[in-house]
Amino acid sequence: MNKPKTKAVEMRNITKKFGDFTANDSIDLTVHKGEIHALLGENGAGKSTLMNVLYGLYTPTFGDIYINEDKVNITNPNIAIEKGIGMVHQHFMLVETFSVVENIILGMETTKGIVLDINRAREKVKEISESYGLYVDPDALIQDISVGMQQRVEILKALYRGADILILDEPTAVLTPQEIEELMSIMRNLAEQGKTIIIITHKLKEIKAAADYCTIIRRGKKIDTVKVDDVTEEQLAEMMVGREVSFAVEKNPMETGDKILEIQDIVARDNRNLKAVDGLSLEVYSGEILGIAGIDGNGQSELIEAITGLRPIESGKVLIKGKDITNNTPFDIINSGMSTIPEDRQRRGLVLDFTISENMILENYYKEPFSSRGRLNHKNIEKFTDDLIEKFDVRPRNSSYLAGELSGGNQQKVIIAREITNDPDILIAAQPTRGLDVGAIEYVHRYLVKQRDSGKAVLLISFELDEIMNVSDRIAVIYGGKIVDIIDAKDATENRLGLLMAGGGATDEEK
Ligand SMILES: Nc1ncnc2c1ncn2[C@@H]1O[C@H](COP(=O)(O)OP(=O)(O)OP(=O)(O)O)[C@@H](O)[C@H]1O
Ligand SMILES: [Mg+2]
């Protein structure tokens, strides 16, 4: 390297406090122009906070920011946008009933009336799409496109506003492996054309595959910035957690018992009234983890919703320990012994303006020991919650914190803690480790295995093949709303599963 590159972003000594709590503690971050820079850290380490400071959503308590080597004062996102900074948030901010183009120009000045603006915008969106390989249908409604597409819209929106520096907060957490590949190549295109990218991710593989540099943050402090080529995944994990992390899941041989969950030939329709689950049968036994592998959109979400009482079952039956629970209410299904770690945790999992405690007992507050004779027992609730916070390492360790004040990963830990400790006969775990850091993933995997070892049944649905292969005892492959094969996890290879998941040659057709 001869000429030193421009520093696109320089954050010096950034401290951000929320009350007494220091989320960012004198953090320095330098990102050069055209670089892909990863931010790595445990759930609650302070990554989103730091980026929200850069984007003007939070004002730092101390510290200075330089953009292209000029000192700036970013007091709100409009200023950030003016300085060429764009951000795609951990949770998307699109209007579902609006089209792609409408969302892209939303909130921008209209000079010539909305119709003209839309026509002009459509042209410009096309141009940007083509130059970076970010393909979307400009006139599609947000509610009709996949999550991966929605994310492209968010990226396009930022580029449309002239972003040269793009912040992506856990962009891959919600994507399928195919979509992740596509995003990685989009990122490389952007960087090659001089854009600067800061990406937050928990997936070490992605950092190795796409990033040039990585800054590690632990408990609000910067640990180091490293050149990605110089470190291994293990070293990254260790720097982040501060201890060695084991990636392998240890398991004893399984001892299966009774049939716990029985799904008999069920049919359920998706939101467009098409048969998404199309005559699916499956049995899960006590003492086993059954993994469902499949490409997104093959009926996984609808299957979970159908068996948990959230989506009507048109025909067929679902039984828990022989008891018919077909089309029962979610409440009755929970009481029949099923718990779910839901896939869409933002929408289904938490009440954001309730405290951690209140969220932990959401489904059980009226039961002993949380209530007696119609009154809440606050002492018992507190003890229960504190226990879970400790076990699941929810940070901060404070049950009166509002769920909305927790980091994304810590919100997930609260839901997982609540669902798992219901001690269900059958646990449905849908994408249970999405958005979690490696330490938390290790914990959840161990917990699933523990459930299994204590004679419970676990149904695991995940897009991460590694997770499916590591954790499951048997693997069922879903394709076109049916289980096309079930294999022993010992005999599973990525290749074999990949072939089955593709339905023997067919691929998922995304427009
Ligand atoms: N508005 C807020 N009020 C109080 N505390 C907050 C607020 N926002 C964040 N925090 C706290 O600051 C800490 C850092 O949160 P942040 O969202 O930056 O974490 P993160 O590194 O992005 O984690 P994750 O990987 O889970 O998304 C957390 O402990 C969080 O609870
Ligand atoms: Mg975050």
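Refer to the preceding data block for the structure.
Residues numbered from 1 in each chain as written. Chains lettered and ligands numbered in written order. Predicted model: local features only at pLDDT ≥ 70, side-chain atom pairs only at ≥ 80, totals over all residues. Heavy atoms only, no water.

1. Some details on the overall build of the protein
Within the protein, the regular secondary structure consists of 17 helices and 22 strands. Against the globule reference of 24 Å for 511 residues, the protein gives a C-alpha radius of gyration of 24 Å, in line with a compact fold. In terms of its C-alpha atoms, the protein occupies a principal-axis envelope of roughly 70 × 50 × 45 Å. For the protein, buried positions account for 52% of its 511 residues. In the protein, 68% of the contacts between residues at least 6 apart in sequence involve partners at least 24 apart. When the accessible surface of the protein is totalled, it reaches about 23500 Å², and 47% of it is carbon and sulfur. One way to put it: in the protein the 61 positive side-chain charges average out to a point 3 Å from where the 81 negative ones average out. (Helix = DSSP H or I, 4+ residues; strand = E, 2+ residues; numbered from the N terminus. Rg over C-alpha atoms; globule rule 2.2 N^0.38 Å. Buried < 20%, exposed > 50% of the residue type's maximum accessible area, 1.4 Å probe, protein only. Contact = heavy atoms within 4.5 Å. Areas by Shrake-Rupley, 256 points an atom, 1.4 Å probe, with all protein chains shown as cover. Lys, Arg positive; Asp, Glu negative; His and termini not counted. Charge placed at Lys NZ, Arg CZ, Asp CG, Glu CD.)

2. Description of the side chain of Q300
With respect to the helices and strands, Q300 occurs in helix 9 (residues 300-307). A polar side-chain atom of Q300 sits 3.3 Å from the main-chain carbonyl oxygen of G294. Apart from residues no more than four positions distant in its own chain, Q300 is found in contact with G294, I295, I461, F463 and I478. (Polar contact = N/O pair within 3.5 Å; in protein donor to acceptor, adjacent residues only side chain to side chain.)

3. A closer look at the nonpolar core
Counting residues in hydrophobic clusters, the biggest one holds 55 residues, and the most contacted among them are M187, C214 and L236. With residues up to four places along the chain from it excluded, the contact list for C214 reads H37, A38, L40, I207, D224, T225, V226, V228 and L236. (Core = buried A, V, L, I, M, F, W, Y, C linked by side-chain atoms within 4.5 Å.)

4. Brief notes about the site of ligand 1
Near ligand 1 there are 24 residues, and of these G44, K47, T49, S407 and G409 occur at the shortest range. For ligand 1, an oxygen atom lies 2.7 Å from a polar atom in the backbone of G44. Separating an oxygen atom of ligand 1 from a side-chain N or O atom of S48 is a distance of 2.8 Å. Relative to its free-state accessible area of 640 Å², ligand 1 is covered by the protein chains to the extent of 91%. Among the secondary structure elements, those contributing two or more residues to the shell around ligand 1 are strand 2 (21-32), helix 1 (47-54) and helix 14 (408-420). (Near = heavy atom within 4 Å.)

5. Re the sheet that holds strand 6 (residues 85-88)
The strand order across the open sheet built from 6 strands is 6-7-8-3-9-10, with neighbouring strands paired in mixed fashion. Sheet topology places strand 6 and strand 10 (221-227) at the edges, where each strand pairs with a single neighbour. Taken pair by pair, the neighbouring strands of this sheet meet at an average axis angle of 20 degrees, ignoring direction. Relative to strand 7 (residues 165-169), strand 6 is paired through 4 bridges, and the arrangement is parallel. When the sheet's bridge partners are listed, M87 is paired in strand 7 with I167. (Pairing = 2+ DSSP bridges. Axes fitted to C-alpha atoms, helices over the stretch in contact; angles between N-to-C directions.)

6. Here we look at unusual backbone geometry
Residue E368 is joined to P369 through a cis peptide bond whose omega torsion reads -5 degrees. Note that P369 resides in the loop between helix 12 (356-360) and strand 17 (371-372). Going from R395 to P396, the amide bond is cis rather than trans, its omega being 0 degrees. Assignment of secondary structure puts P396 in the loop between helix 13 (378-391) and helix 14. The phi dihedral of N68 is positive, around 45 degrees, even though this residue is not glycine. Although it is not a glycine, D265 adopts a positive phi angle of roughly 50 degrees. By secondary structure assignment, the location of D265 is in strand 11 (residues 259-269).

7. Focus: the pattern of salt bridges
Any two side chains of opposite charge can pair, given that their charged atoms come close. What the rule picks out here adds up to 29 salt bridges. As a salt-bridge pair, D393 and R397 come within 3.2 Å of each other at their nearest N and O atoms. Salt-bridge contacts for D488 lead to K490; the nearest nitrogen and oxygen are separated by 3.6 Å. Given a relative accessible area of 73%, K490 falls into the exposed group. Here the residues in one salt-bridge network are E42, E390, D393, R395 and R397, joined through shared partners. (Salt bridge = Lys/Arg side-chain N within 4 Å of Asp/Glu carboxyl O.)

8. Quick look at the sheet that holds strand 19 (residues 426-430)
In spatial order, the strands read 16-19-20-13-21-22; together these 6 strands make up an open sheet with mixed pairing. The sheet is open, and its two borders are formed by strand 16 (338-341) and strand 22 (482-488), each paired with just one other strand. Strand-to-strand twist of the sheet, defined as the mean angle between neighbouring strand axes without regard to direction, takes the value 20 degrees. Contacting strand 16 and strand 19, helix 14 runs over the sheet at an angle of about 170 degrees to strand 16.

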